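Breakdown of the fold
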Amino acid sequence: MSEQKQSTPSFLKPELFRKLKRDEYSAEAVTRKSLTSWQDIRMRMMENKLAMTGFWIIVGIIAAAILIPWLSPFDHFTNDLSSTNKVPNGTNWFGTDDLGRDMLVRTFKGAQISMFVGIVAALIDLIIGIIYGGIMGYYGGKVDEVMNRFAEIIYSIPYLLVVILLLVVMEPSLTTIIVAMSITGWINMAWIVRAQIMQLKNQEYALASKSLGAGAMRIIFRHLIPNAMGPILVTLTLTVPNAIFTEAFLSFLGLGVQSPAASWGTMIDDGVKAMTIYPWRLLFPAFFLSLTIFAFNVFGDGLRDAFDPKLKK
Amino acid sequence: MKGSFKKPAQFMLVLIVAFSMLLTACTSNSNKPTPTNSGTENSGSGNTETGGEKEAPQEFRFTLASEPPSLDPALMTDAQSGIVAAGLYEGLTRLNKDGEPENAIAKEIKVSEDGKTFTITLRDDAKWSNGDSVKASDFEYSWKRTLNPETASEYAYMLYYLENGEKYNTGEITDADQVGVKATGDYTLEVKLFTPAPYFTSLLAHYTYLPVHPATVDAADDWATEAKSIVSNGPFLLDQWVHNDKLVMKKNPDYYNKDAINFTTVNISLVESDSTVYNLFETDKIDWIGAQAGSIPTDLVGGLIADGKAEVTSVASVYYYLFNNNKVPFNNAKVRKALAMAIDRQALIDNVLQANQTPAHALVPPSIAGLEGKTFREMYPDTDYISENVEDAKKLLEEGLSELGLSSFPEVTLLYNTSEAHKKLAEALTDMWRKSLGVEVKLANQEWGTFLESRKAGQFDIARSGWGADINHPINFTYDLIHPLSGNNDGKYNNAEVQKLLDGSLVAATQAESMDMLAKAEKIAIDEMGVMPVYYYTTPTLIKPGFEGVFSDYSGHLDWVFGKKTN
Amino acid sequence: MSSLAASASGVDEVRDHPESSITFLVFHRSGSNNSKFQRVYIANYIYPFEMHIKIWKRVGDEMFRYIASKFIFMLLSLFVLVSATFLLMNAIPGSPLQSEKATSEQVQKNLEAYYGLDKPLIVQYGTYLKNLVKGDLGISMKKKFQSVDKMIANSFGPSLRLGISAIITSVVVGCTLGIIAAMHHRKLLDNVAMILAVIGLAVPSMVMGPLLQYFFAVKLRWFEVAGLENPMDYVLPTIALASGPIAVIARLLRSTMIEVLNSDFIKTAKSKGLSGYVIVVRHALRNSMLPVVTYLGYLTAGVITGSVVIEKIFAIPGIGKFFVESVINRDYPLIMGTTIFYAVLLMTTRFLADIAYVLVDPRMRTGKGAK
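What counts and how
Residues numbered from 1 in each chain as written. Chains lettered and ligands numbered in written order. Predicted model: local features only at pLDDT ≥ 70, side-chain atom pairs only at ≥ 80, totals over all residues. Helix = DSSP H or I, 4+ residues; strand = E, 2+ residues; numbered from the N terminus. Buried ≥ 20, exposed ≤ 12 C-beta atoms within 10 Å, placed from the backbone. Contact = placed C-beta atoms within 7 Å. Axes fitted to C-alpha atoms, helices over the stretch in contact; angles between N-to-C directions. Parallel < 35°, antiparallel > 145°, perpendicular 65-115°, else oblique. Left-handed = near helix turned anticlockwise from the far one by under 90°. Nonpolar A, V, L, I, M, F, W, Y, C, P; charged D, E, K, R; others polar. Pairing = 2+ DSSP bridges. Right-handed = clockwise from strand over helix to strand, strands pointing away. Arc of directions from axis to C-beta. Expected span 1.5 Å × (residues − 1). pLDDT = per-residue confidence, 0-100.

Right, let's talk about the overall build of chain C for a bit. The helix and strand tally for chain C stands at 15 helices and 3 strands. Across the 371 residues that make up chain C, the buried fraction comes to 53%. Here the contacts in chain C between residues at least 6 apart in sequence split such that 67% fall between residues at least 24 apart.

Structure, rendered in structure tokens:
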């Protein structure tokens, strides 16, 4: 504002100036290599050791979930009643369970199911949550009120009722589990997004964009959501473990994967009951579940820091 | 910024202190009157019970997995209610440790020549907890009330033995006076049955036959939901009922046979988780686990039995699978039989179930009584009913499939209700079929409500089932399970010969003949493998040292009423 | 400037005066933009807290209107919820009156007549609504003659006490960890605090509960295995219940607080010579609490209505198990009762959270917004 008021010093004569030639623009080029935002994020992720550790743990577990059941001489369903509840040893590295099945294969077979369900459910929650929450938060007022009420109603309907009804309509399968989880899963995400958007929508950059004629969708997805990425990513990384636990809960209701297949959730539930005498039956699935959740969380934290434009140095 | 960190830390400390004070404030005013964990001390002031002798406080503590849905005899349906009711009420008879009826409120029971009329003389010194005498009319009132359609008692069928009992309950007649029970004096009760039932004196011990206090029942529908409004006549009184938490029972000082009662306080905590129950036992908070009063975590059972810590008692219940007799391939007896022969029941028991169950080759459990002091199974051993032979099974399966015109075993599913134990057995079973017959059976589980509906509607190929005894008589496991018209024959096994034998057993001239007919019917049903028995239940139990007279009864329910602590 | 505060509180606009540190909170009467009905309140830019209290006192009648309209909306959605649940509940297979043993058709009919289940669904629905308006939630079909009102009232106590204890613990511990992490962003303490928080989250309560119980109650005998008789009995279930929320709060708070600590107004405060303690607690913390408050809005209803898993492990006579048990048993009145109870709680806590937004962050989020 104040520049306008500055009077031009008298020694600045017009003849002192000349027009720049085209190639001389390059003299003023930024010295820092221009990065796309993704390159930028990737670069900053690489610098974050904890987050990268998380990333490699996730990669490792996914690889193990694919390779170990494939390479192992054992399968996850054949019983061996002569060697039940064996302590971890050279043959069965993770021991065996109460029906003599190899815990190593079962743990990583469980990883396949749990990881798949967790990640897919989280992504669905993310998509629905961002769209719904974004609209709620951006428009506010009556739109917000009605949409918010709708979410609250869905959130309050006894979950079990919906799930049992779903079982009647659909065959038990991974798809059914994911549908069952997505019915209410997205609501938390939507609420978080809503709160964020409400805070951000009157920031200058949003208002500027609006005054330049940008549509609501462009403002929400181009400007507001990227700036709200922090809490969104935190919530997202929480959704993965939640989904894994919900899957375990659904398994008990007969909606989850059917035996003899097992997810981490069901294995942990079995293992907890035996933890005082056969601790390995709890230890391995619980350890890998916790490790996965831990990895997702630190990775998510790192991602959040990397995404956040305000934290650029 | 770093240097100033100390202060927020102090601030947080203040918050934490404030929070713990708040928490204490929250909890202290909510303390319940009698802490279960602080022994026999009772902080409720009105109670004058002193706990008695110094040498051994006569206290007994156990858990139930869920609270009794009702303590109204007409509305009770489950084991938990039965265990509490045994202390709370006194019926005409009680079953002793061997499952035989002994007189309780009844002083004398006379049976007529035709076995249809029972004249029961009551003792005149039994009292209700409000001081009223227990009279014959209380029984008459109670039974008629249970049969009254308006009471909507689920167990009313237990009283169908009474003349016109069924008709009254189903609304065919509306005059309660026609029901075969009448108080002919203050202390005499005349009972007329529609058919001779030699086990009627055992039936009298069942909770559906307990008396109620008429004035109390008439006064309020919800009389049986709170400790203070229950009027009872048993050896114990309900002192406290904190819903979903615990029940506390105290010895009834006015019980007519109070010298036989030793426990002064019985604490029943409501604990659902098996592991928690076991941890409570380990930390000396409860004295007993097992027999429907908590159960030992399945993974610990084997070890505890091997160490001699847990005792195993057989239970009059059978675990079996239903074949859907109307569906391919189980409409073929050979296929059914092949599956039944291809499993190694003993291996399942030793490695999977681990509670010394008995392999079941028929339906009537070993503890069910027969005649002349023998059990039914002693009279008709089932050991050779099913031969577990994989080679024969394979042959039978092939024959069966070709009779059906099938080239391979079709895709079938085994349905069970969601529970860890059922899952484990089903997994082991299907693995055996896979290995021995090369048959692939898929598993599916449903939660209880859906499962029952699917099973009743016949929407299954193979379904898990279990059956327990209401009365100590083989008819429980034959008529109910394999009679073509029985509502519990969900696999729709249908054999006219079986039907004839079972119907005949009801009107047979002698007991021996009746037993014989039941045994024959059972044998035919097993030969055709209408249902596939797996094992007879047992219940492993744990008890703290120093208790006497606490045991699991023939049906696998805790009987604690006459127990005693000796040290 | 704070649109969040605006939409949540009935403040329709927040205007910053361009040349002074004055903020106008503008209220439109009856939702109209007609300036005749506008009321303007003035807030100081540096917003001493006392000032806000004064403002909110004056805002009282606006708040009342706001609450009243919210309340009507709540009743409406409750009605939709009741109808939806009623329909769903009757659509699932199974019935409250089924038992494993076959009952004769007549007994079944007697039972149905007794509970009014023989009537057409629409009549049952009407009867239920009529009783509901009178405040009568009916009688449990499984726990004979226990009234649902009483069952909920009795079991809510333990759940509420445990829930409050867990919420306070998670806010206190979560905020502490979050503040530590944010103040030492990208330093050792940040990592330590976050790893601690995430470990709490990574161990599921179905594992943590039994582990705590086994080591601290069975092995060490420091606590009781089960029950909630003494204040000390709250420790283990509280830890198990709070470990998840602690991590969430810590991470949400860290997230926002890092931003806030980098913002201009904190820099302003620093340049004014305010100490780190004052900055964090008075300025940064209050301005970072929004996501935490949002989270608490829906966490609260969930936590104080109990956790099925924790209640089962520690044998707590709470309400949590009813949510599962009622559906498993198809106990229709109990299903309806718990649903309504939960919904009312949820709507109330979320409503309170909406109000709390405004109290926590009356006008602005970042320094940039006030230029």
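From this point, the narrative continues.
Residue and element names in this part refer to chain A. It is the contact of helix α2 (residues 49–71) with helix α3 (residues 103–139), at a shortest axis distance of 8 Å, that shows an interaxial angle of 125°. If you check the angle between α2 and α3, you find them oblique. Here α2 runs over α3; the crossing is left-handed. Between α2 and α3, the contacting residues are Ile61, Ile62, Ala64, Ala65, Ile68 and Pro69 on the first element and Leu104, Val105, Phe108, Lys109, Ala111, Gln112 and Met115 on the second. Counted by class, the contact of α2 with α3 contains 11 nonpolar, 1 polar and 1 charged residues.

Residues and elements named next belong to chain B. Taking strand neighbours across the sheet as the criterion, the 4 strands line up as β4-β5-β7-β6 in an open arrangement whose pairing is antiparallel. On the outer flanks of this sheet lie β4 (106–111) and β6 (181–183), each paired with one strand and no other. Each neighbouring strand pair of the sheet contributes to a mean axis angle of 15°, computed without reference to strand direction. Both β4 and strand β5 (residues 117–122) contribute to a ladder of 5 bridges, which runs antiparallel. Within β5, the position partnered with Ala106 by the bridge is Leu122. Set on the sheet, helix α3 (residues 136–147) makes contact with β5, β6 and β7 (188–192); between it and β6 the angle comes to about 150°.

Residue-level contacts link 49 residues of chain A with 50 residues of chain C. Taken together, the elements giving at least two residues each to the side of chain A that touches chain C come down to α4 (141–156), α5 (159–169), α6 (174–200), α9 (229–252), α10 (264–273) and α11 (280–307) of chain A. A per-element tally of the side of chain A that touches chain C places α11(A) first, with 9 residues. Per-class residue counts for the side of chain A that touches chain C are 29 nonpolar, 11 polar and 9 charged.

All names here are of chain B. Counting buried residues along strand β16 (residues 462–468), 5 of its 7 residues qualify, which places the element largely inside the surrounding structure. Direction of pairing for strand β12 (residues 311–323) relative to β16: antiparallel, over a ladder of 7 bridges. Residue pairing in the sheet places Tyr320 in a bridge with Ser465 of β16. Pairing geometry for strand β14 (residues 412–417) and β16, over 2 bridges, is parallel.

Looking now at the pairing of β14(B). Most of β14(B) is tucked away: 5 of the 6 residues are buried. Following the backbone out of β14(B), through helix α13 (residues 420–437) of chain B and into the adjacent parallel strand β15 (residues 441–446) of chain B, one traces a crossover that is right-handed.

What follows is about the interface of chain B and chain C. Of the residues lining the interface, 63 residues belong to chain B; the matching set on chain C comes to 54 residues. Put simply, the parts of the chain that give the side of chain B that touches chain C at least two residues each are α1 (6–28), α7 (274–282) and α14 (448–456) of chain B. The biggest single contributor to the side of chain B that touches chain C is α1(B), with 13 residues.

Turning our attention to helix α16 (residues 496–506) of chain B. In an α-helix, one turn spans 3.6 residues; hence positions three or four apart end up facing the same way. Residue and element names in this part refer to chain B. The complete set of buried residues in α16 reads Val498, Leu501, Leu502 and Ser505. Angular distribution of buried residues about the axis of α16 spans 95°; they occupy a single face of the element. Looking at the buried side of α16, the elements it contacts are α15 (475–482) and α17 (511–527).

Quick look at the environment of C:Gly320 now. Residue and element names in this part refer to chain C. Locating Gly320 in the fold gives a position in helix α14 (residues 320–328). Judged by local crowding, Gly320 falls into the buried class, with 25 C-beta atoms found within 10 Å. In the structure, Gly320 is positioned 16 residues away from Ile304 in sequence and 8.8 Å away in space, judged by C-alpha atoms. Apart from residues lying up to four places away in sequence, Gly320 is in contact with Ser159, Thr305, Gly306, Ser307, Val308 and Glu311.

To continue, consider helix α7 (residues 188–202) of chain C. The first and last C-alpha atoms of α7(C) sit 21 Å apart over 15 residues, in line with the 21 Å expected at 1.5 Å per residue. The complete set of buried residues in α7(C) reads C:Asp190, C:Ala193, C:Met194, C:Ala197, C:Val198, C:Gly200, C:Leu201 and C:Ala202.

Our next topic: the packing of helix α9 (residues 235–261) of chain C against helix α11 (residues 276–288) of chain C. Residues and elements named next belong to chain C. Closest axis-to-axis distance for the α9/α11 pair is 8 Å, and the angle between their directions is 130°. Overall, the two elements α9 and α11 adopt an arrangement that is oblique. The two elements α9 and α11 meet at a crossing, and its hand is right-handed. Across from Leu253, Thr256, Met257, Val260 and Leu261 in α9, the residues of α11 making contact are Ala284, Asn287 and Ser288. When its residues are assigned to classes, the contact of α9 with α11 shows 5 nonpolar, 3 polar and no charged.

Residues and elements named next belong to chain C. Position of Thr268 among the secondary structure elements: in helix α10 (residues 264–271). Residue class for Thr268 comes out partly exposed when judged on the 14 C-beta atoms lying within 10 Å of it. Measuring from C-alpha to C-alpha, the distance between Thr268 and Lys134 comes to 57 Å, with 134 residues separating the pair along the chain.

With that out of the way, let us pick up unusual backbone geometry. Residue and element names in this part refer to chain B. Between Val328 and Pro329 the backbone carries a cis peptide bond, its omega angle lying at 0°. Notably, Gln292 is not glycine yet its phi reads approximately 70°, a positive angle. Mapped onto the elements of the fold, Gln292 is located in the loop between β11 (288–289) and α8 (298–306). Its identity as a non-glycine residue notwithstanding, Gln354 has a phi of 60°, on the positive side. Mapping Gln354 onto the fold places it in the loop between α10 (345–353) and β13 (358–359). Residue class for Gln354 comes out buried when judged on the 21 C-beta atoms lying within 10 Å of it.

Turning next to the confidence of the model for chain C. All names here are of chain C. When pLDDT is averaged along chain C, the result is 77; 79% of the residues meet or exceed 70. By mean pLDDT, helix α1 (residues 3–9) is the weakest element of chain C at 38, and helix α5 (residues 121–133) is the strongest at 92. Under a pLDDT of 50 for its full length, residues 1–47 has, in the predicted model, 96 contacts with residues more than four places off or in other chains. For residues 362–371, every residue scores under 50 in pLDDT, and the model assigns this stretch 29 contacts once sequence neighbours within four places are set aside. Under the prediction, the complex receives an ipTM of 0.79, its pTM being 0.82.

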